[in-house]
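The chain contents come next:
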Amino acid sequence: MLTFIGLGLYDERSITVEGQEALRAADRVYAEFYTSKLIGTTIDDLESVHDSEIDVRDRAGVEQHPEDMLEAAETEDVAFLTAGDTMISTTHVDLRLRAHDRGIETRVIHGVTAQTATSALTGLQNYRFGKATTLPFPYAHGAEGLPASVTETIDDNRADGLHTVVYLDIKTEREEYMTADVGAELLAEEYPDLAGVVVARAGSPDPLVEAGTMSELAERDFGDPLHLLVVPGECHLLEADALVELAGADRDALDIA
């Protein structure tokens, strides 16, 4: 069997009880942290707490050369770990389908995702979010200005009255994580007066939620990563109340239904 296990958002304790039981029972454990990372822990701590030896794979080792993992899963119980949920944003559907092609049974044990945590921390209703987008580092984008994928997503969602999650670029191999002030500064080039909400360290003991215009957020320090930005769309009264109370938003800056 090949079991996909989401580790949650922050540290070695963020995993569910079901996930922990499956992890400890596995004969072999693989993981990838190139799509995201548990900022509050290390591989050594994960191995120690869960009494498991973890083989961390790079992108090529998962997406191009997973044969050894699949061969092991034909005769043993194999666990595959990622931060968050293995099938949400950090999607590994291809690996699961390859396992099915070999006749290997699979299952998914879900973990908390940045999307669900963002809805919970901000008070914005989950069904009022539109398509998400990722804001890359300028050097990774390789062009002037904001990528069209970012502006079009924000503009289309706002036209429909929907909220937008803007994931901020991470380069785990370089230990480089875009912070919300940098992300807001980039967005302020196009949307200086647009209301935004920073969510920092979701899943940790001290998550931060703070609102302001993009220009204002660009001047603030939000502490350690991971960060993301939310662009609120049309807010229900309860959502507006939540942003004012939980994020310090200026009610007059919000688009209230």
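Read on for a plain summary of the structure. Just so you know, these numbers come straight off a predicted model, no measurement behind them.

**Digging into the sheet that holds strand E3 (residues 54-56)**
Okay, so step 1: An order of E3-E2-E4-E1-E5 is seen for the 5 strands of this open sheet, with the pairing classed as parallel. Edge strands, defined here as strands with exactly one partner in the open sheet, are E3 and strand E5 (106-109). When the angles between neighbouring strand axes are averaged without regard to direction, this sheet yields 25°.
Okay, so step 2: Two strands pair when backbone bridges link them, and strand E2 (residues 28-31) and strand E4 (residues 78-82) are joined in this way by 4 bridges, in the parallel orientation. Looking across to E4, one finds that Val 29 is bridged to Ala 79.

**Here's the deal with the pattern of salt bridges**
Okay, so step 1: In the structure shown here, the tally under the stated rule is 13 salt bridges.
Okay, so step 2: Between Asp 11 and Arg 13 there is a salt bridge, and its shortest N-O distance comes to 2.9 Å.
Okay, so step 3: Judged by its relative accessible area of 7%, Asp 11 falls in the buried class.
Okay, so step 4: Note on Arg 13: relative accessible area 60%, which makes it exposed.
Okay, so step 5: For Glu 76, the salt bridge identified is with Arg 28, shortest N-O distance 2.5 Å. Separated by 48 residues along the polypeptide, Glu 76 in the loop between helix H4 (67-75) and E4 and Arg 28 in strand E2 bring together distant segments of the chain.
Okay, so step 6: In this structure, a network of salt bridges that share partners links the residues Glu 210, Glu 216 and Arg 220.

Rules of the game
- Residues numbered from 1 in each chain as written.
- Predicted model: local features only at pLDDT ≥ 70, side-chain atom pairs only at ≥ 80, totals over all residues.
- Heavy atoms only, no water.
- Pairing = 2+ DSSP bridges.
- Helix = DSSP H or I, 4+ residues; strand = E, 2+ residues; numbered from the N terminus.
- Axes fitted to C-alpha atoms, helices over the stretch in contact; angles between N-to-C directions.
- Salt bridge = Lys/Arg side-chain N within 4 Å of Asp/Glu carboxyl O.
- Buried < 20%, exposed > 50% of the residue type's maximum accessible area, 1.4 Å probe, protein only.

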